[in-house]
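Residues per chain are reported as follows:
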Amino acid sequence: MSQVADYPGSVHAAEKTNYLNAEHSIKSWLLTVDHKRIAILYLISITVFFIIGGSMAALIRAELLTPAGDLISSDAYNKAFTIHGVTLIFFFLVPSIPAVLGNFLIPMMIGARDVAFTRLNLVSWYLFTIGGIFTICCLVVGGVDTGWTFYTPYSSSFSNTSVVLAVTGVFIAGFSSIATGLNFIVTVHKMRAPGMTWFKLPLFIWSNYATACIMVLGTPVLAITLFLVGVERVGRIGIFDPALGGDPILFQHLFWFYSHPAVYIMILPSMGVISELMACFSRNRVFGYDFVAYSSLALAGLSFVVWGHHLFTSGQSVYAGMAFSALSFLVAIPSAVKVFNWTATMYKGTVVLDSPMLYSLGFLGLFTIGGLTGLFLASLAVDVHLQDTYFVIAHFHYIMVGGAIMGFLGGLHFWWPKMTGRMYPETFGKLSALTIFIGFNLTFMPQFIMGYLGMPRRYHAYVPEFQVYHVLSSAGASVLIAGYAFTIAYLLWSLRYGEKASANPWAAKGLEWETPSPPPTENFNYKPVVHEEAYAYEPPVEDPEEEAHELA
Amino acid sequence: MNPIPVWPDQASNFAQEVDLLYILLIGISAFFSLIVFVPIIIMVSKYRMGTKANRKLVHHHNLKLELAWTLIPMMMGVPVFLWAAKLFVDMYQPMEAKNALEISVIGKQWMWQLQHPTGQRENNELHVPLGRVVKLTMISQDVIHSFYVPAFRIKKDVIPGSYHSQWFIPTKEGKYHLFCAEYCGTDHSKMIGTVFVMKPEDYEKWLKNEQWGIGNLRRAETMKEAGERLFTELGCNSCHTVSGGGRTDKVPLAGVFGTERLLSDGRRVLADEEYVRTSIYEPDQMRVAGHNPIMPSFKGRVDEQQVLELITYIKSLSGGSKQ
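Just so we're clear, the structure is a prediction, and the values are computed from it rather than from any experiment. (Residues numbered from 1 in each chain as written. Chains lettered and ligands numbered in written order. Predicted model: local features only at pLDDT ≥ 70, side-chain atom pairs only at ≥ 80, totals over all residues.)

**What about the pairing of strand β9 (residues 174-180) of chain B?**
All names here are of chain B.
- Counting buried residues along β9, five of its seven residues qualify, which places the element largely inside the surrounding structure.
- Two strands pair when backbone bridges link them, and strand β6 (residues 145-149) and β9 are joined in this way by two bridges, in the antiparallel orientation. Looking across to β9, one finds that Y148 is bridged to F179.
- In this sheet, strand β10 (residues 193-198) lies alongside β9 in antiparallel orientation, the contact comprising five bridges. From the neighbouring strand, K175 faces β10, where its bridge partner is F196. (Buried ≥ 20, exposed ≤ 12 C-beta atoms within 10 Å, placed from the backbone. Helix = DSSP H or I, 4+ residues; strand = E, 2+ residues; numbered from the N terminus. Pairing = 2+ DSSP bridges.)

**Remarks on unusual backbone geometry**
- Between S517(A) and P518(A) the backbone carries a cis peptide bond, its omega angle lying at -15 degrees.
- Topologically, P518(A) is positioned in the loop between α16 (467-497) and α17 (544-551).
- Of note, the bond from Q109(B) into W110(B) is cis; its omega dihedral lies within 30 degrees of zero at -5 degrees.
- Looking at the element boundaries, W110(B) is found in the loop between β1 (101-108) and β2 (111-115).
- Phi at A507(A) is positive, roughly 50 degrees, even though this residue is not glycine.
- Here A507(A) is to be found in the loop between α16 and α17.

**Comments concerning the sheet that holds β6(B)**
Residues and elements named next belong to chain B.
- Strand order across the open sheet formed by five strands is β4-β10-β9-β6-β7, with mixed pairing between neighbours. Two strands close off the open sheet at either side, each with one partner strand: β4 (125-129) and β7 (154-158). Taking the axes of each pair of neighbouring strands and ignoring which way they run, one obtains an average angle of 20 degrees across the sheet.
- The sheet strands contacting helix α3 (residues 200-208) are β4 and β10, and the helix crosses β4 at an angle near 130 degrees. (Axes fitted to C-alpha atoms, helices over the stretch in contact; angles between N-to-C directions. Contact = placed C-beta atoms within 7 Å.)

**Quick word on the sheet that holds β1(B)**
Residue and element names in this part refer to chain B.
- With mixed pairing, the five strands of this open sheet are ordered in space as β3-β2-β1-β5-β8. Two strands lie at the open edges of the sheet, namely β3 (121-123) and β8 (164-168), each paired on one side alone. Neighbour-to-neighbour, the strand axes of this sheet turn through a mean angle of 25 degrees, independent of strand direction.
- Here β1 runs beside strand β5 (residues 134-140); their pairing, made up of seven bridges, is parallel. If you follow G107 over to β5, its bridge partner there is S140.

No statement about biological role is implied by the geometric values presented.
So, in structure tokens, the structure goes:
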């Protein structure tokens, strides 16, 4: 992609010092302003939060094996699903790809030395981690039982749990999101290498740029909303509780004004990863580059005008319901455009089924199902029946776990050699991709069926006729947990025992592959200049011998 | 072991149409799944590394193709949207049916309290006659709940501070689940009940049944009678008159319900259930133009149940309620 002006031995020089071994002290990590080290810090934080949130899912699925609420108490169950949702949404999914892969890759992909505001980047991590620890502490020690949605007036007047502390944590972490988004926007605008025009940018950059816009515009609304919940709870000032003169539905409008776009904060970066993976493992340019790029912006824009589809049964006017339903249908268009273009990327390519590609294909399957079931929920009269049932649970897990986490894991495997300088064991990678795919479907497919049968969400105990579906779902969850645990295990193993990675183990295109693995602190040992389009994969050289063989 | 359920009962006027729409959506999803998954499988097997295939690709974009896969899904979405929207409007538009059975519903942590116009009160159970329009007027006493009967395909959030209504016609005899669908705290999953759909003659018998089960109260008076009694007990009649004539300094309530009222702040509002409730709880919020702010608030003195009874009574003064 770039031309390396005569710089012999650059790879060799960098093998000795890179961003990981440049300094070793704890202080050098905790006070680093290197975007790559900050990405690693984020990776450690979110992995801890993932394990906490995931183990709550295990507890929930264990409880739901039997119809009676017999394993844990109702209050414990309600706290468990609150920890599960709050941790995995605010402290895992939202930062997962942007703060880890985005932080690591955005400067490298655009040929920059670092992000625009390096110290702000470190501040973001501190805000995030402090907010996270704060929230987890009060979730685990005191417990909060409002669900991650903090619906009023339950959260502001009725719950006897530490709601104020929990929302304070989310409030603090919100500033991390805002700062990261701001940092990325400025970085992409101002720090591109010479020759790196907007339409030469990797699509990962486009989708993270769109995500950053949502973070900057949406997160302040969440912060204000949670602040008001705290104000009402502590000061008894009527904002949302009708007993004090407030309006409970106002909270839902404000909350979803952020929290619907938040879904796109989770899925858009994952879509960016998929674009990179489909291109690399098809040895082809991404089909319809412009359409894929613009569809990210379209999704970011649409994400702000569909929040009302969470309120179809809340008593908002039927005309508002109709407008939000129509707009929600429109979301399917840019999503479908992406899926079709990714599929077309394989056309006349050379498909290599390495683990990142398996995750990528898994993403296509699960995201398609997640997207199509979204149409059911956008359809007003059908949503009335499905709202707040397991159908909704299954739908958003297909998007946020099937989509976002598959994309995250695909990207993590793809860039693992770049980030750590080590290869993970490929056979294990394939095995885990397959296990996670099967476990996921077994967990969530039965939930669609019981959702249509009427199984409401957030039920500690349930009527016995749903049991068979819950058992299937819990069985799937155990497969899924095994898959995730296995992945974490062999990735950790590879840090010490993995094969040393070359600069470009996948023969991929992109500036990040032109510098050693792991990269030097300054990213490039030269000043990158970009001449090629993104994904300038060459068609494979025909092997004349094989061709002759085929003809014979 | 129970038989494995695969499809919910269809027991209301909405159920069949919602199911048809759902089946249509399944069809559309199956279609799109095919046109996504089949090409993926073909591409992966045909162009996998090591296979012999023509890999000479000239273009990496194709405008016609892009437009096709943008516009065709969009057009397929339009009829689904319209159908679902029409059915939604049917469900949620206020139903003005003669002879509707008007049930009042109070949701509270963690039970449903339902009352028939004839005064029968039920907890977590609702008995309704087959084939008659049932109209629910619902309010919560504390947090948000949601009234959900899967077999009827209806759901409506039950919200503190304001009334929300829902109607349906039961079409099949039987026992059906009633769930609270909006998370409401500790015993959310125990806020469940049963809806009994009965033949009209059985319903009439049930209303007269002296053998009430646990949790069901036999009321000696209808909701209207209870409202009338409260009206006197609370002293409403010292300032309000329920007949056309009488002392002129009394505020007349006859014929008021259902009319438009001009308020002191210039707003014009419909005198509906919500208006009456607000006038009882916070009289200054909706004071009629020309009236002095002398009515005291009855907040804390009458509960949601009693407000519903008063509303039924005041409604009856305008001929709004049959019972």
